[in-house]
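Here is how the chains run, residue by residue.
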Amino acid sequence: MRRSAQQGYAELSHHAPDGAVSASNTDFVNSRLHINDWGAVSSIPENDPAPHLRAASSSYLNHDGMRVDDGRYKAFLQDAAAVVPQPRIFTDPLHLLAYGSDASFYRLLPKAVIKVHNEAEVQGLLRLSQAHKVPVTFRAAGTSLSGQAVSDSIIISVGYVGKNFRRISIKDDGSQVTAEVGLLGGEVNKLLAGHARRHKLPISYRIGPDPASIDAAMIGGIVANNASGMCCGVAQNTYHTIADMRLLLADGTVLDTADESSRKAFLQSHGKLASALSGLAREVQGDPQLAGRIRAKYKIKNTVGYSLNALVDFPPDDPVTILKHLLVGSEGTLGFISSVTYNTVQEVHHKASAFVLFPDLYSACDSVRHLKSSGVASAVEICDYASLRLAQQEFVSLVAELGQAQEGAAGLLIEVKGETQQQLQQRIEAAQAALQASGVRFGGNAGAPLGLESYPFRINAAETKVFWDFRKGLIPIIGGSRSVGTSMMIEDVVCPVEHLAGMTADLTALFRECGYSDASAVGHALEGNLHLVFAQGFRTPEEVATFGRLMAGMADIVVHKYNGSLKGEHGTGRNMAPFVELEWGARATGIMKRIKAAFDPHNLLNPGVILNDDPAAHMQFLKPSPPAASLIDNCMECGYCEAFCPSRDVTITPRQRIQTYREITRLRGLQQPTQEQQQRLSQMEDTWQYDGDSTCAADGMCAVRCPVNINTGEFTKQLRTAAVDGLDAAAGAASASTSSAWGSRLAMMAANNFRLINGGVPLLLNTVDFFHGLLGPRLLEVVSGTLNKWTNHIVPVWNPYIPKGAKAVSAGLSSPQASELPTQAARATQSGIPRQVVFLPTCVNRMMGPARGDDRYSGSTLEVFTRLAEKAGYQVIVPQGVSGLCCGMMFDSRGAKKAAGLKAAEAITALSLASQMGKLPIVIDNSPCLAQLKSAGLNQQELKFSLYEPVAFTSLFLAPGLDFDKLPRSVALHVPCTSKQAPGLSEKFVALAEQCAESVTPTGIPCCGMAGDRGLRFPELTSSACQHIDLPSNVTDGYSTSRTCEIGVSNAAGLHFRSILFLFDEASKPKPGFRETAKELPQQQVGQDGKRPSLTTVHEAGGAGGGMTSV
Ligand SMILES: Cc1cc2nc3c(=O)[nH]c(=O)nc-3n(C[C@H](O)[C@H](O)[C@H](O)COP(=O)(O)OP(=O)(O)OC[C@H]3O[C@@H](n4cnc5c(N)ncnc54)[C@H](O)[C@@H]3O)c2cc1C
Ligand code: SF4
Ligand code: SF4
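Residues numbered from 1 in each chain as written. Chains lettered and ligands numbered in written order. Predicted model: local features only at pLDDT ≥ 70, side-chain atom pairs only at ≥ 80, totals over all residues. Heavy atoms only, no water.

This part takes up the overall build of the protein. When helices and strands are counted, the protein shows 41 helices and 34 strands. Of all 1111 residues assigned to the protein, the portion counted as buried reaches 61%. Here the analysis covers contacts within the protein between residues at least 6 apart in sequence; of these, 76% occur between residues at least 24 apart. Working note: accessible area of the protein is about 40300 Å², and carbon and sulfur atoms make up 53% of it. In the protein, the 101 positive side-chain charges and the 104 negative ones have mean positions that sit 4 Å from each other. (Helix = DSSP H or I, 4+ residues; strand = E, 2+ residues; numbered from the N terminus. Buried < 20%, exposed > 50% of the residue type's maximum accessible area, 1.4 Å probe, protein only. Contact = heavy atoms within 4.5 Å. Areas by Shrake-Rupley, 256 points an atom, 1.4 Å probe, with all protein chains shown as cover. Lys, Arg positive; Asp, Glu negative; His and termini not counted. Charge placed at Lys NZ, Arg CZ, Asp CG, Glu CD.)

If you want it as structure tokens, here you go:
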């Protein structure tokens, strides 16, 4: 009979050694809560088993939060300034908070955060750590879920430190890759794929580990957590695919396992450590019971404790190989990993997926057993009834009778792969045979079973994408719908596949008993790995106690009943440290303690992680999730958005903006703040002004990767609006600064007199250009730089790619007057749509011409578009009053919403008129301006399907009438971030450019950080974002669709970037005979209501890319 959580809780102590206190016999039910100055919640048990661990002490044990600074930090930091430049050592409250959390639900405040640029700096800091006995914690991308990337001591960060820790080298045939620890896992895979493409290799490779977070997690964290995902199982994780490692031991000694002289030197200098490891291996291998237990535990996924399999898998007289494998999954507690060499695994391109329903979990899990023994499935994901209920229409339509599934039904998403189409087909048949052989009934309803043929394997990529998007989207859906103030929790348990059904049923019952009605169970069934996803608050003693009860109950079920692992993928961290002994027993845990002591006798490497003296460590320093603003309250602090943010290397990231803003809001809301809290609030607000606000490009790239669609840029703009409108924090959107409404009035004045600006700026640019010619670049740089500082970043900093003034707009057919409209519209309805297109040369292109020295082309975007369009048989119309038109972005990005709204409304009116209320397509020459008009929220239904940026329009409408000849040039391409947010548009950019030039290289950066003129006023933002541009030396020039981005990337790359329309025009000629036959737009390009069909709505997604995630 299954025990209740409470019973299980009381009974859990039997694995603990005599007299030892363990997480499982600690009473949290009657605990009291302690909230520290930073809002972290700790549960202090009534029968506190280790009160001395919760008393501040200068004796630094292997636990958290109570380190008294007895002067050692001051001394450490003083000396650290000689190792790492001071600007990279952060001790201000905003940065401490920003690095005080990872993706888990723990918060520990470090004493300092140090961003390192190379191994020598890490080495210096490790030596100081030894000298001053100051603990250090390494951090990569901070996406850990078990609290292993936080510390109350010193954080050493290798993540987002410019180009540092990002070197990679790929073996010629791609079968090995050596990568430094600051590279994202996904980046390494892209580089491997690019290598295979470039060298036309028959096989392409990727790294083995495949955590769902691979595009957000860095190699350092992937190795140190031994992360894994849906397909890699236990065979292709880092432990099994690592070839070599370069690492630093606690005392700073470098060991490169690929280098024989380094190995020899290590064996000489660290003979004690080497013989300790050999001795441990000998001891374990000589104990058949222990060795057998270790082997059995690693047959399934397991990241609890150290990788003890290293002690049984390798000969005791090879301590270097043992050491290298012990470092895998050591969570930064044994040494610093500098780079790793992976034996890569082969990419298989032929894939098929089926989603099969079962009436109950047991049937689904039985089928998994058969699939596993057939060996043909590459992934099998299980979804319980709670998750099936979240399915949306597109998915429901592909899965037979999902709508009628009974309570308790379950689904399996099965993937098979083949190296050839034929092999794929064989495997599909084998998988189907295995499912049939399991003898279970299919269909979600026991009373009306269906045949297996109702659940076919699908090869069509669009259909399989629906399946996988559903699976990957489950966690975001749950995360997005949780109530404000709760954190999202993802448990990660494993058991042998044959027990999966029982364990899942027991755990879901436990969750229900504990009151978690929203919990869903999904997971990598093939590996017996289950993720339980639910929302958890830490606001009341009851909530915290329930969580304690749940953890204990879960440990009981997983370990005692099913002999499983409490963490299959996500590492031990602080979350499972108190349960290590429960899971492994005293003997194996004793071995782990000896491993730690051999590497790090003074507990200076990430103390409190994996092993923790405090049996209640998992209930300490729980992170609050206070409501702050509706736009960001859903944030799960997962860190997925960070890699796309242009400010990631220069100040802070979207996640950190949200985390720190939450704390600012919490501090503002305190009824009786202490003096220290008031002071901290004001320091955080000050730092926020530059780090949080000024260096946010508000480009929304963060939303592209965010599983719950949070656009931190929108939030920043909301704060800017509050500042411009003179609202204070309490009044509305909450501004971090105090200001008055003068900003709003000034903006309205500028908006109302826009023609003057339009006329004046070119004169100003020409004057500046005159001085550029006269005085050379240096003086202008210095003067503008000084003015920029004096005016608090109002005056832009000049660079040699600042354009000359543009000539006034002159070409094109003028738009009809309102009075002419009915006749034209009526004519269009009768005889189709005339081949006309409205073109809006945006203010930025009306004011800015080419830069000095950019002589390849002459003329404006209007002139070149008119030429290009005419070749394809289109006549170009310019809206009335063009010189006064603006999309409003320059106002919006500064938070001047009213002025922005006014300008957008004027532009929409003019465009509606010119396009005969949206019947003619409209091209906006600057991509960000198009996005601005689309998001202006003016309900311009008539223009909904008519607005295009240049690439989409050329691809859809002009290309059929053009012949392209490849120019003998190597060109660069920069897709602006607004275009990247439109599904499929980046690919169109590349595809069209590749028709125009012999070689095309994208800049490869997510966003250049220009954000209108922000990158000129804060040039460090753009240079930081653009430092990752890496173009071949033969590239002659570059193309884009955003004039301001073109300035930024030109300056960074040292090449002229300009509108891609010039490239299209130069490389194209009219298709013979096309113009004569195409006098009107074909009728099928017009929807039933006379408007554009959705086929053409390339910007319809509006930037919310809706990145998906799973675990
Ligand atoms: C939504 C979501 C989904 C996830 N899905 C998965 C999943 O499917 N599978 C999975 O395994 N994990 C998953 N994770 C957890 C996490 O993303 C991975 O474990 C990832 O590998 C952590 O990498 P990181 O770069 O963020 O490392 P961090 O969190 O920065 O660090 C991880 C650990 O490594 C240590 N470390 C970092 N760099 C070094 C170094 N250079 N030398 C020594 N130690 C170092 C740190 O001290 C820490 O203990 C998920 C997380 C989220 C938020
Ligand atoms: S904004 Fe989105 S992606 Fe970024 S940390 Fe929050 S939830 Fe994750
Ligand atoms: S809007 Fe851009 S700069 Fe601002 S947080 Fe998002 S990605 Fe970063």
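Alright, that's what it looks like, and here's the rest.
This part is about unusual backbone geometry. Phi is positive for Phe621, which is not a glycine, with a value near 55°. Within the secondary structure, Phe621 is located in the loop between α20 (580-599) and α21 (654-669). Taking relative accessible area as the criterion, Phe621 reaches 9% and is therefore assigned buried.

Moving on to the site of ligand 3. The full set close to ligand 3 counts 13 residues, and Cys645, Cys696, Ala697, Asp699 and Cys702 are the nearest of them. Listed by contribution, the elements that provide at least two residues to the shell around ligand 3 are α21, α23 (701-705) and α24 (712-724). A per-class count over the shell around ligand 3 returns 8 nonpolar, 3 polar and 2 charged. (Near = heavy atom within 4 Å. Nonpolar A, V, L, I, M, F, W, Y, C, P; charged D, E, K, R; others polar.)

Here we take up the sheet that holds strand β5 (residues 136-139). Pairing within the open sheet is mixed, and its 4 strands lie in the order β3-β4-β6-β5. Lying at the two open borders of the sheet, with one neighbouring strand each, are β3 (89-90) and β5. (Pairing = 2+ DSSP bridges.)

It is worth spelling out the environment of Val380 at this point. Structurally, Val380 can be placed in strand β15 (residues 377-383). For Val380, a relative accessible area of 1% puts it in the buried group. Between the alpha carbons of Val380 and Met230 there is a distance of 7.8 Å; along the sequence they are 150 residues apart. Once residues lying within four places of it in the same chain are set aside, the contact partners of Val380 are Val368, Leu371, Leu412, Leu413, Ile414, Gly523, His524, Ala525 and Leu526.

A large share of strand β14 (residues 350-358) lies buried, amounting to 7 of its 9 residues. Here β14 runs beside strand β16 (residues 410-418); their pairing, made up of 9 bridges, is antiparallel. Residue His350 lies in a different strand from β16, and its bridge partner there is Gly418.

Attention shifts here to the site of ligand 2. The full set close to ligand 2 counts 13 residues, and Cys635, Met636, Cys638, Cys641 and Cys706 are the nearest of them. Looking at the shell around ligand 2 residue by residue, the classes come out as 10 nonpolar, 1 polar and 2 charged.

Once that is clear, we can look at the sheet that holds strand β30 (residues 997-1002). Read from one edge to the other, the open sheet built from 4 strands follows the order β30-β29-β31-β32, with strand pairing classed as parallel. Edge positions in the open sheet fall to β30 and β32 (1057-1059), since each of these has one partner strand only. Each strand axis lies, on average, 35° off the axis of its neighbour in the sheet, ignoring direction. Sheet analysis places strand β31 (residues 1035-1040) next to β32, joined by 3 bridges and oriented parallel. In the sheet register, Gly1038 faces β32, and the bridge partner there is Phe1057. (Axes fitted to C-alpha atoms, helices over the stretch in contact; angles between N-to-C directions.)

Another point: the packing of aromatic side chains. The full count for this structure, using the stated rule, is 31 aromatic pairs. Within the aromatic cluster, the residues linked to one another by ring pairs are Phe839, Phe865, Tyr874, Tyr948, Phe953 and Phe957. Stacked on the ring of Tyr73, the Lys or Arg Lys111 has its end atom at 5.0 Å from the ring centre. Its end group placed over the ring of Trp584, Lys297 keeps NZ or CZ at 5.3 Å from the ring centre. (Phe/Tyr/Trp six-rings, centres within 6.5 Å; stacked < 30°, edge-to-face > 60°. Lys NZ or Arg CZ within 6 Å of the ring centre and 35° of its normal.)

It is the contact of helix α13 (residues 361-374) with helix α16 (residues 421-437), at a shortest axis distance of 8 Å, that shows an interaxial angle of 140°. Compared by their axis directions, α13 and α16 come out oblique. For the element pair α13 and α16, the recorded crossing hand is right-handed. Packed against α13, whose contacting residues are Ser367, His370, Leu371 and Ser374, the element α16 presents Ala431, Ala434, Leu435 and Ala437 at the interface. (Parallel < 35°, antiparallel > 145°, perpendicular 65-115°, else oblique. Left-handed = near helix turned anticlockwise from the far one by under 90°.)

A word on the environment of Gly182. Mapped onto the elements, Gly182 comes out in the loop between β8 (176-180) and α5 (185-198). A sequence separation of 15 residues divides Gly182 from Arg167, and the C-alpha atoms of the two residues are 8.4 Å apart.

Further remarks concern the pairing of β5. Alternating positions in β5 separate into two faces, Val136 and Phe138 on one and Thr137 and Arg139 on the other, with burial throughout. Relative to strand β6 (residues 154-157), β5 runs parallel, the two sharing 4 bridges. Directly across from Arg139, in β6, lies its bridge partner Ser157.

There is a patch of nonpolar side chains on the surface, built from Phe770, Phe771, Leu774, Leu775, Leu779, Val783, Leu787 and Trp790 and spanning about 830 Å² of accessible area. Looking at the nonpolar patch, the elements that each hand over two or more residues are α26 (754-775) and α27 (777-790). Tracing the backbone through its elements, the reader meets Phe770 in helix α26. (Patch = residues over 30% accessible without salt bridge, like charges linked within 9 Å, V, L, I, M, F, W, Y side chains within 5 Å. Salt bridge = Lys/Arg side-chain N within 4 Å of Asp/Glu carboxyl O.)

In this section: the pattern of salt bridges. For the structure shown, the criterion picks out 51 salt bridges. Put simply, Asp70 and Arg72 hold a salt bridge, and the shortest N to O gap is 2.9 Å. The salt bridge partner of Arg668 is Glu685, with a shortest N-O separation of 2.8 Å. One end of the pair, Arg668, is in helix α21; the other, Glu685, is in helix α22 (residues 675-694), and 17 residues separate them in sequence.

Time to look at the UniProt feature "domain: FAD-binding PCMH-type" (unreviewed entry) in the protein. Taking the UniProt record as the reference, the feature "domain: FAD-binding PCMH-type" (unreviewed entry) is found at residues 106-347. With 36% helix and 17% strand, the stretch residues 106-347 has end C-alpha atoms that lie 37 Å from each other. (UniProt positions renumbered as here; feature names shortened; annotations may be inferred.)

Given a rise of 1.5 Å per residue, 21 residues ought to cover 30 Å, and the 29 Å separating the end C-alpha atoms of helix α17 (residues 461-481) matches this to within 8%. Bending of α17 peaks at approximately 40° at the position of Gly473, with proline Pro476 no more than four residues after it. Buried within α17 are the following residues: Thr464, Val466, Phe467, Trp468, Phe470, Arg471, Gly473, Leu474, Ile475, Pro476, Ile478 and Gly479. Regarding α17, its N-cap is Asn460, as a side-chain oxygen of that residue lies 2.7 Å from the backbone nitrogen of Ala462 further along. (Expected span 1.5 Å × (residues − 1). Bend = angle between axes of the 7 residues up to and from the residue. Polar contact = N/O pair within 3.5 Å; in protein donor to acceptor, adjacent residues only side chain to side chain.)

A separate point is the side chain of Thr464. You can see Thr464 is positioned in helix α17. In contact with Thr464, not counting residues within four places along its chain, are Ser353, Arg458 and Ile459.

A separate point is the side chain of Lys567. Here Lys567 is to be found in the loop between α19 (541-561) and α20. Side chain to side chain, Lys567 and Asn575 meet in a polar contact 3.2 Å long. If sequence neighbours within four positions are ignored, Lys567 has contacts with Ser146, Lys301, Asn302, Thr303, Val304, Ile490, Glu491, Asp492, Val494, Asn575 and Met576.

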